Amino acid sequence: MNRDDTIYWIDQLIPAELNVGEDCVTADLGDGQTVAVTLGFADVDTGLHAIEEQLPVRSELIVVARADAAELETVLRAAVGKFTGVLPAQPGTMLPQLHRVGSVEHALFVPPYLWGGETPRVTEDERLTVLLQLVMLTDAEYAYAVEEGPGALQQALGEAGIDLLDWHR
């Protein structure tokens, strides 16, 4: 997808007015929540392929938090900078010491849960593009994920009712 097509796709997914920047779009979701999505990260090949579609899989990164849009954009830019072709952009990938904001510093990628169903995707002739959600973690949460695994962390966070949108938790 080109930039305009990516913006159009994101605009169809997010029920708020988009603020379009150079490499991210942001939106105020109300209730203090802000969302930011990369523009152009789907051009980065992190080595993933969809077996069924026989296509390379690319991602645009999305993050939601009760934080300032500039903080979300900074976190996304830091995440983009970590992908050098070695890390796959897929659920379960963790980025230690990504960027400290409040009490969170580390990142875990998960399937986007904003839509409560299938991951938003666009299939083109040459690639499949999906959204991949970045969740920020505290030091203790990150240590738990390293010890027990990302899936166990997600389960524990859900059972404990941890508010992942609060970066000062």
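All values derive from a computational prediction rather than experimental measurement. (Residues numbered from 1 in each chain as written. Predicted model: local features only at pLDDT ≥ 70, side-chain atom pairs only at ≥ 80, totals over all residues. Heavy atoms only, no water.)

1. Examining unusual backbone geometry
As a reminder, the rule being used: Secondary structure follows DSSP: runs of H or I at least 4 residues long count as helices, runs of E at least 2 residues long count as strands, and numbering of each begins at the N terminus. The rule is simple: take the accessible area with a 1.4 Å probe, protein chains only, and divide by the maximum for that residue type; under 20% is buried, over 50% is exposed, in between is partly exposed.
Unlike most non-glycine residues, Asp31 shows phi in positive territory, near 55°. In this structure, Asp31 sits in the loop between strand S2 (24–30) and strand S3 (33–38). At Gln97, a residue that is not glycine, the phi angle is positive and equals roughly 50°. Checked against the element boundaries, Gln97 lands in the loop between strand S6 (94–95) and strand S7 (106–110). Gln97 sits in the exposed class, given a relative accessible area of 56%.

2. Comments concerning the pattern of salt bridges
What counts, and what does not: Any Lys or Arg side-chain nitrogen located within 4 Å of an Asp or Glu carboxyl oxygen qualifies as a salt bridge.
According to the stated counting rule, one finds ten salt bridges in the structure shown. Here Glu73 ties to Arg77 by a salt bridge, and the two come within 3.2 Å at their closest N and O atoms. Taken together, the residues Glu73 and Arg77, both in helix H2 (residues 69–82) and four residues apart, mark about one turn of the helix. The salt bridge partner of Arg100 is Asp139, with a shortest N-O separation of 3.3 Å. Taken together, the residues span a long stretch of sequence, with Arg100 in the loop between S6 and S7 and Asp139 in helix H3 (residues 139–148) at a distance of 39 residues. Accessibility expressed as a relative area gives 41% for Arg100, which makes it partly exposed. Connected via shared salt-bridge partners are Asp23, Glu73 and Arg77.

3. Points about empty space enclosed by the protein
Definition in use: Grid spacing is 1 Å over the protein atoms alone, the probe is 1.4 Å, and a cavity is where that probe fits but cannot get out, while a pocket is an open set with protein on both sides within 12 Å along at least five of seven lines and lining residues have an atom within 4 Å of a point. Grid points are joined across faces, edges and corners, and a volume is the space filled by probe spheres set on the points. Polarity classes work like this: nonpolar for Ala, Val, Leu, Ile, Met, Phe, Trp, Tyr, Cys and Pro, charged for Asp, Glu, Lys and Arg, and polar for all others, with Gly in that last group.
All told, the structure shown has one cavity of 30 Å³ or more when counted by the stated rule. The space that makes up the largest cavity amounts to roughly 40 Å³. Mapped by element, the contributors of at least two residues to the lining of the largest cavity are strand S5 (55–65) and strand S9 (128–137). In the lining of the largest cavity, the residues fall into nine nonpolar, one polar and no charged.

4. Brief notes about the packing of aromatic side chains
Cut-off, in case you're wondering: Note on aromatic pairs: the rings of Phe, Tyr and Trp (six-membered ring only in Trp) are paired at centre separations within 6.5 Å, and the planes decide the class, stacked below 30 degrees, edge-to-face beyond 60, tilted for the rest.
Using the criterion set out here, one finds two aromatic pairs in the structure. Arranged with centres 5.3 Å apart and planes meeting at 55°, the rings of Phe41 and Phe83 form a pair that is tilted. With a gap of 42 residues between them, Phe41 in the loop between S3 and strand S4 (49–50) and Phe83 in the loop between H2 and S6 connect regions that are remote in the sequence. For Phe41, a relative accessible area of 3% corresponds to the buried category. Exposure remark for Phe83: the relative accessible area of 7% places this residue in the buried category. Consider the rings of Phe83 and Phe109, whose centres lie 5.7 Å apart with planes at 55°: the pair is tilted. You can see Phe83 sitting in the loop between H2 and S6 and its partner Phe109 sitting in strand S7, a full 26 residues away along the chain. Classification of Phe109 as buried rests on a relative accessible area of 0%. Among the aromatic residues, ring-to-ring pairing joins Phe41, Phe83 and Phe109 into one connected group.

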